[in-house]
Amino acid sequence: MVLSADVSRSDTSFAPRLPQCSHFIDGQHVDPSGSETTEVVDPARGKAIVSLRLGNEKDVDTAVCAARAALPTWAAKTPQARSELLLALAEAIATDRENLEKLEAINCGKPLAVTADDVDSTIDVFRFMAGAGRTGSTIPAGDYVADTMSLVLREPIGVIGLVTPWNYPLLMGAWKISAALMAGNTVVYKPSEVTPLTSLRLAELAKDILPAGVLNLVLGTGPEVGQSLSKHPQVDMMALTGSVRAGMAVASTIASDLKRGHFELGGKAPVIICDDADLENAANTVTEAGYWNSGQECGAATRVIIHESVADEFTQLLAQKVGSYVLADPEIPGEENLGPMIYQGHYAKVMDMIGEAVERGAEIVLGGNGDDSAGFWVEPTILKVSIGDPITENEVFGPVVTIETFSDLTEAVERANAVEYGLTGSVFTADVSTALEVSKALDFGSVNVNTHLALPTEMPWSGFKHSGYGRDLSAYALDDFSRTKHIAIRH
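Here the structure is a predicted model, which is why all the values come from computation and not from measurement.

A. Highlighting empty space enclosed by the protein. Within the structure shown, the criterion is met by one cavity of 30 Å³ or more. Roughly 50 Å³ of internal volume is contained in the largest cavity. In terms of lining residues, the largest cavity is bounded by Gly267, Lys268, Gly295, Glu297, Cys298, Ala300, Thr302, Glu395, Val396 and Phe397. Taken together, the residues that form the lining of the largest cavity break down as four nonpolar, three polar and three charged.

B. The sheet that holds strand β20 (residues 400-406), seen in detail. Pairing within the open sheet is mixed, and its seven strands lie in the order β16-β19-β20-β13-β12-β22-β23. Edge positions in the sheet fall to β16 (363-366) and β23 (446-449), since each of these pairs with one other strand and no more. Within this sheet the neighbouring strands show an average axis-to-axis angle of 25°, counted without direction. Judged from the four bridges that link them, strand β22 (residues 424-428) and β23 form a sheet pairing that is parallel. Counterpart to glycine 425 in the pairing with β23 is valine 447. Along the sheet, helix α11 (residues 344-359) makes contact with β16, β19 (381-384) and β20, crossing β19 at roughly 30°.

C. Quick peek at the packing of aromatic side chains. This structure, assessed with the given rule, holds four aromatic pairs. With 5.2 Å between their ring centres and 85° between their planes, tryptophan 166 and tyrosine 343 make a pair best called edge-to-face. Of this pair, tryptophan 166 sits in the loop between β7 (159-163) and α5 (169-182) while tyrosine 343 sits in the loop between β15 (337-338) and α11, placing them 177 residues apart in sequence. Take tryptophan 166: its relative accessible area is 17%, and that puts it in the buried class. Judged by centre distance (5.2 Å) and plane angle (90°), the rings of phenylalanine 263 and tyrosine 469 are edge-to-face. Of the two residues, phenylalanine 263 is situated in strand β11 (residues 260-264) and tyrosine 469 in strand β25 (residues 468-469); the sequence distance between them amounts to 206 residues. Of the residues examined, phenylalanine 263 reaches a relative accessible area of 2% and is grouped as buried. Members of the aromatic cluster, each reached through a chain of ring pairs, are Trp166, Tyr343 and Phe397. One Lys or Arg, lysine 465, reaches over the ring of phenylalanine 444 and ends 5.5 Å from the middle of that ring.

What counts, and at which threshold
Residues numbered from 1 in each chain as written. Predicted model: local features only at pLDDT ≥ 70, side-chain atom pairs only at ≥ 80, totals over all residues. Heavy atoms only, no water. 1 Å grid on protein atoms, 1.4 Å probe; cavity = no way out; pocket = protein on both sides within 12 Å on 5 of 7 lines; lining within 4 Å. Points joined across faces, edges and corners; volume = space filled by probe spheres on them. Nonpolar A, V, L, I, M, F, W, Y, C, P; charged D, E, K, R; others polar. Pairing = 2+ DSSP bridges. Helix = DSSP H or I, 4+ residues; strand = E, 2+ residues; numbered from the N terminus. Axes fitted to C-alpha atoms, helices over the stretch in contact; angles between N-to-C directions. Contact = heavy atoms within 4.5 Å. Phe/Tyr/Trp six-rings, centres within 6.5 Å; stacked < 30°, edge-to-face > 60°. Buried < 20%, exposed > 50% of the residue type's maximum accessible area, 1.4 Å probe, protein only. Lys NZ or Arg CZ within 6 Å of the ring centre and 35° of its normal.

Written out as structure tokens, the structure is:
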């Protein structure tokens, strides 16, 4: 296994066109008013790509005022009119596909196979919301009280403050922007300051398509720009994808004036493998879903809970398959490539969690090493762990899969549920009754049987417990970014 790739870049054709690195407010690029700066770093090399000036509360206020001014006209458009503009934006993204893929690759260190999937999914979600927003899901009008007709209107909530994470900057923005705009809201968007490049490019593409003020972008940190958005009196709802800690901070702020919240937070996905499971399929699935985006994925298949009778055979299969991965720079082609951790602080966290687990007695089956001399590389790692080890309960967010055993299925489900997260999980079994029983018993918003992370745009993605609330994807997301009004007419 290669620990780190040759990070010299000689192929200049790989270099994408960098977007304009400034705020996007009221249809124009605007320089940040703050003096604080940060460097956007290529995680495959540990070298700066560009330096950004960051925004502050003043910039947030300017953006929110622009969104508020644009709201009445945008909300008054017909669903067809909004749909046509979202479809035009999807087409612009498709036309710019290659550039967006490369931007995401150099900013996040992702292999091109991952960034291609990100861009494809981004296009799909804009197209889906553009169509789904033209249909209704409300109760039909009628006389539910004698001589009185009732009808229900679905209205936009207003100005949406949006905060997105560093692991899927383009896609997580698209999930929420598409639903919020199609429902008639306007948006003020704060991407992660660590990985803002594709978000900035999305704003450039939207400039000549969306009316001024409908989509605004403010660069900055969570404590400064994110918090300013959360407490702004003219922001009607905050939507966030991020850590549990970040979600709690935003939820605490918006509680003071009863803003709505929409949160997709962390996860710790269990993979329960029964003694009758197809082990080849299970190993293939964990190999892909456990290490996709180098494990920097809230739904990653990170915690294997397997029947003791088949644990050794599965572990050997998994190690063989995961051992074929190579840590490689995004520009190097290869279907078995993994990228680095996206920033150095996160690299240190992942390596600390591996080291602490080993100190507590975890057995390294594969990997366990890291190298941050040129980029932030962590080997794909498999650990055999004891029941209750903290690494089985806390989100690593890196290329680390743990394996623990069970003898009783009821106990396995109880252990799977005994975490603060409730985003997604899976069960592998040949028995339909067992599959249904375990699926219903798992306290997670999405459960897969004999697969993991089956995530079509048509189906909702939402968490339970500390994984948050609010639904992304599907027509349910349009409901979450809308409010309903009942009108009763005496006749």
